[in-house]
Amino acid sequence: MQKLEHIRLLAIDMDGTLVDSQKRVTPRTARALNRAMEKGIAITIATGRYTTYLFDILQPLGITGPAILGNGAAVMDMDKVYFHSLISEKDLREVSAICLREQAALFVSVEGYTCCLNNSYTMEAARHWAASRPDNDIMATLHFYDDPQKLLEDVIGKTGKLIVLHFEEKRARQLEQIFRRESSLGVVYSEFGHIDLANKGLTKLSGLKMVMEMYGVEPEQVMAFGDGENDVEMISYAGFGVAMANACPQAKAAADYVAASNDEDGVAKAIEQFLL
C-alpha cells in the first residue's frame with residue numbers, strides 16, 4: 001500500500017475511535033501516535049466531550065496542540081482557549097422547556113461538572129451514561145437540582161453544549177427529531193442515545209477548519225478518523241478519511257478506508273499502514 005507522505009495533520013475522534021471499549025488508549029496506539037508526531041505530523045482530537053478532563057488523557061500521549069471539544073463548540077489546548085461559543089439564555093430555556101415536556105434527561109456541561117435535574121428519568125439516564133464511561137466517574141461530577149429554574153440560573157453564560165440522553169434507541173431518535181423541529185440550536189446524534197445540542201453551524205468540521213488554519217494545512221493534507229454520525233462531515237472533508245470497523249454506515253460510506261475496530265487497534269494499524 002502506498003504511503004501518504006503528504007499528510008500533515010491527523011484529526012481523530014475519541015470515543016469509539018481512539019479509545020477502546022474500556023476507554024483506554026492501548027500501548028500500540030500510543031506508540032503509533034508518537035511515531036507519527038516524530039515525523040512532524042500534528043494531531044488534533046475532535047470529540048463530543050466537553051471538558052478539559054480530555055487533556056488528562058492526551059498529556060501522557062504527548063498531544064499538546066489544540067483539541068476540538070463539544071462537537072466544535074470549543075477549540076482549546078491546556079493553556080489557551082482559541083474559540084468558545086456559548087449558548088444563549090433564550091436557547092437554554094427553550095431546550096429546558098422541551099425536556100420537561102417530553103420527560104427527557106437534560107445534562108448541561110460546565111467546566112468540571114455537569115448540571116441536571118433530580119428526577120427518576122434523569123437518574124436512569126445518568127446510570128446508563130456512567131456505565132458506558134468506565135474511564136470517568138460521571139456520577140461524581142453531576143450536580144443535581146430540584147428546581148429547573150435554579151439550574152438554568154446557574155448555567156446561563158457558562159456552557160456551549162447540552163446533552164439529552166435516552167437509552168432506548170427508538171425514543172432517542174424521536175427526541176432528536178423533536179429538537180430538530182423545535183429548537184434553534186444545531187442537533188447532532190453523536191452516539192447511542194446521545195443527542196448533542198450547540199449553536200448552529202458548529203460541528204467537528206467547523207472546529208477542524210480552525211485547527212487547519214492554525215497549522216497552515218489544506219484538506220488534502222488531513223487524515224481524519226471517526227465512527228459516529230458526528231464524524232461524517234470531517235471524514236468526508238479530509239483528504240483521506242478513515243472509518244472504524246465499528247462505525248455507523250454513514251461514516252463508512254464517507255470514508256476512503258475502513259480500518260479495524262477501536263478494540264483492534266484500528267487507529268494504530270491505519271497510521272502504521274499509511275504513514276509509517
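The structure reproduced in this document is the subject of the present report. (Residues numbered from 1 in each chain as written. Predicted model: local features only at pLDDT ≥ 70, side-chain atom pairs only at ≥ 80, totals over all residues. Heavy atoms only, no water.)

## Let's talk about the environment of L106
- Checked against the element boundaries, L106 lands in strand β6 (residues 105–110).
- Along the backbone, L106 and A125 are 19 residues apart, and their C-alpha atoms lie at a distance of 9.3 Å.
- In this view, L106 contacts V95, S96, C99, C115, C116, L117, L162, I163 and V164; residues no more than four positions away in its chain are not counted. (Helix = DSSP H or I, 4+ residues; strand = E, 2+ residues; numbered from the N terminus. Contact = heavy atoms within 4.5 Å.)

## Observations regarding the nonpolar core
- Ranked by size, the top nonpolar core spans 37 residues in total, and within it L10, I12, I45, M223, F225, I271 and L275 carry the most contacts.
- Here this core gets 5 residues from one element, more than from any other, and that element is helix α11 (residues 266–274).
- Other than its neighbours up to four places away in sequence, L275 contacts K3, L4, I7, L10, K39, I41, M223 and A270. (Core = buried A, V, L, I, M, F, W, Y, C linked by side-chain atoms within 4.5 Å. Buried < 20%, exposed > 50% of the residue type's maximum accessible area, 1.4 Å probe, protein only.)

## A short note on the pattern of salt bridges
- In this structure the tally under the stated criterion is 18 salt bridges.
- Here K204 ties to D13 by a salt bridge, and the two come within 2.8 Å at their closest N and O atoms. In this pair, K204 sits in helix α8 (residues 204–215) while D13 sits in the loop between β1 (9–12) and α1 (27–38), placing the two residues 191 residues apart along the sequence. Both residues of the pair, K204 and D13, count as buried.
- Ionic pairing is found between R93 and E89, a salt bridge with its closest N-O pair at 3.0 Å. With a gap of 4 residues between them, R93 and E89 both fall in helix α3 (residues 89–102), about one helical turn apart.
- According to the relative accessible area criterion, E89 is partly exposed, its value standing at 38%.
- Through salt bridges that share partners, E169, R173, E176, R180 and E229 make up one connected network. (Salt bridge = Lys/Arg side-chain N within 4 Å of Asp/Glu carboxyl O.)

## A look at the packing of aromatic side chains
- Applying the stated criterion across every chain yields a total of 3 aromatic pairs.
- Note on F107 and W129: the rings are 5.1 Å apart at their centroids and 70° apart in plane angle, and the pair reads as edge-to-face. Here F107 is found in strand β6, whereas its partner W129 is found in helix α4 (residues 120–132), with 22 residues between them in sequence.
- Here W129 falls in the buried class, since its relative accessible area comes to 7%. (Phe/Tyr/Trp six-rings, centres within 6.5 Å; stacked < 30°, edge-to-face > 60°.)

## Details of the side chain of T114
- Here T114 shows up in strand β7 (residues 113–117).
- When sequence neighbours within four positions are dropped, the list of residues in contact with T114 reads F107, V108, S109, T141, L142 and H143.

Without other data, these values stay purely geometric and don't point to any function.
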